[in-house]
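# Coordinate inspection notes
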Amino acid sequence: MARATGTKRAILDATLQLAATRGISGTTMDEVAERAGVAKGSLYYNFSSKDKLFEKLLQEGVGALAETLRAASAGLHGSAALEALVRALLDRIAANTALSKLMAAEIFRTDRTWQKTLFALRHEALAVFADAIAEAKPGSRADATCGLMASSVFGAVLMAGLEWLVFEPDRPRDEVAAAILGSLSGGLFGEERSGPC
């Protein structure tokens, strides 16, 4: 997915900065134009509505996340892939905390016009986790249970990553990753677990 450049990039960056602190509903197009340093007409020329602006922002961010996750797990399988995914997601959260906050706030909103776009991209990112989970458990297959587990792992990493950056920013990333993976090890890889995944 190609990243926007020039005026569009300035608008998207300003939007993300504002939305991370004020939320989508609390962010106005006037504020975006001012923060981006563009005329309001230029803003509307590039994005016909606030909904289109936020759809593009989330589409770009979640699309880049899915690409990062695929690259992180390339050539790895099972628990090694899952470990790489957890670390890559933590790195992505640290690199773009504003987008991570926005994703955490918006992922369960069903009243947004961009919900279908976000759902498709979210599904793409979660599929990478589901494949790693299915491979980590011998004899399992990628099914609805693995999808739910993938969602659980993704959500745990997202929230733990934000917790880390907001409340314990001096803690090393590898320590955070180890804590997340340790909390998952009983449920994902423990011997007492049974079921399709």
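Residues numbered from 1 in each chain as written. Predicted model: local features only at pLDDT ≥ 70, side-chain atom pairs only at ≥ 80, totals over all residues. Heavy atoms only, no water.

This brings us to empty space enclosed by the protein. For the structure shown, the criterion picks out 1 cavity of 30 Å³ or more. The computed volume of the largest cavity comes to approximately 80 Å³. Contributing to the lining of the largest cavity are Gly61, Leu65, Leu89, Arg92, Ile93, Asn96, Leu99, Ser100, Met103 and Leu158. Among the secondary structure elements, those contributing two or more residues to the lining of the largest cavity are α4 (50-73), α5 (78-95) and α6 (97-106). Class assignment for the residues of the lining of the largest cavity results in 6 nonpolar, 3 polar and 1 charged. (1 Å grid on protein atoms, 1.4 Å probe; cavity = no way out; pocket = protein on both sides within 12 Å on 5 of 7 lines; lining within 4 Å. Points joined across faces, edges and corners; volume = space filled by probe spheres on them. Helix = DSSP H or I, 4+ residues; strand = E, 2+ residues; numbered from the N terminus. Nonpolar A, V, L, I, M, F, W, Y, C, P; charged D, E, K, R; others polar.)

Another aspect to go through is the environment of isoleucine 93. Examined against the element boundaries, isoleucine 93 turns out to sit in helix α5. The exposure class of isoleucine 93 is buried, given its relative accessible area of 1%. When the C-alpha positions of isoleucine 93 and leucine 165 are compared, they lie 8.5 Å apart, and in sequence the two are 72 residues distant. Setting aside residues no more than four positions away along its own chain, isoleucine 93 makes contact with Ser100, Val157, Leu158, Gly161, Leu162 and Leu165. (Buried < 20%, exposed > 50% of the residue type's maximum accessible area, 1.4 Å probe, protein only. Contact = heavy atoms within 4.5 Å.)

As a further point, take the packing of helix α1 (residues 6-22) against α6. Running from N to C, α1 and α6 cross one another at 55°; their axes reach a closest spacing of 9 Å. In terms of axis orientation, α1 runs oblique to α6. Our pair here, α1 against α6, has a crossing hand that is left-handed. Contacts from Leu16, Ala19 and Ala20 in α1 reach Ala98, Leu99, Lys101 and Leu102 in α6. (Axes fitted to C-alpha atoms, helices over the stretch in contact; angles between N-to-C directions. Parallel < 35°, antiparallel > 145°, perpendicular 65-115°, else oblique. Left-handed = near helix turned anticlockwise from the far one by under 90°.)

This part takes up the nonpolar core. Ranked by size, the top nonpolar core spans 59 residues in total, and within it Leu69 and Phe129 carry the most contacts. Where this core is concerned, the elements lending two or more residues are α1, α2 (29-36), α4, α5, α6, α7 (115-136), α8 (144-167) and α9 (173-189). A per-element tally of this core places α7 first, with 10 residues. In this view, leucine 69 contacts Leu85, Ala88, Leu89, Ala125, Val128 and Phe129; residues no more than four positions away in its chain are not counted. (Core = buried A, V, L, I, M, F, W, Y, C linked by side-chain atoms within 4.5 Å.)

We now examine the packing of α4 against α5. Orientation of α4 relative to α5, taken along the N-to-C sense of each, is 145°, at an axis distance of 8 Å. The two elements α4 and α5 meet at a crossing, and its hand is right-handed. Contacts from Gly61, Ala64, Leu65, Thr68, Leu69, Ala72 and Ser73 in α4 reach Ala81, Ala84, Leu85, Ala88, Leu89 and Arg92 in α5. Residues that form the contact of α4 with α5 fall into these classes: 9 nonpolar, 3 polar and 1 charged.

On to the UniProt feature "DNA-binding region" (unreviewed entry) in the chain. The sites that carry the UniProt feature "DNA-binding region" (unreviewed entry) are, in the present numbering, residues 28-47. Between the end C-alpha atoms of residues 28-47 the distance is 13 Å, and the span holds 75% helix and 0% strand. (UniProt positions renumbered as here; feature names shortened; annotations may be inferred.)

Applying the stated criterion to the full structure yields 10 salt bridges. A salt bridge links arginine 70 to glutamate 124, with the shortest nitrogen-to-oxygen separation between them at 2.6 Å. One end of the pair, arginine 70, is in helix α4; the other, glutamate 124, is in helix α7, and 54 residues separate them in sequence. Using a relative accessible area of 37% as the deciding quantity, one classes arginine 70 as partly exposed. (Salt bridge = Lys/Arg side-chain N within 4 Å of Asp/Glu carboxyl O.)

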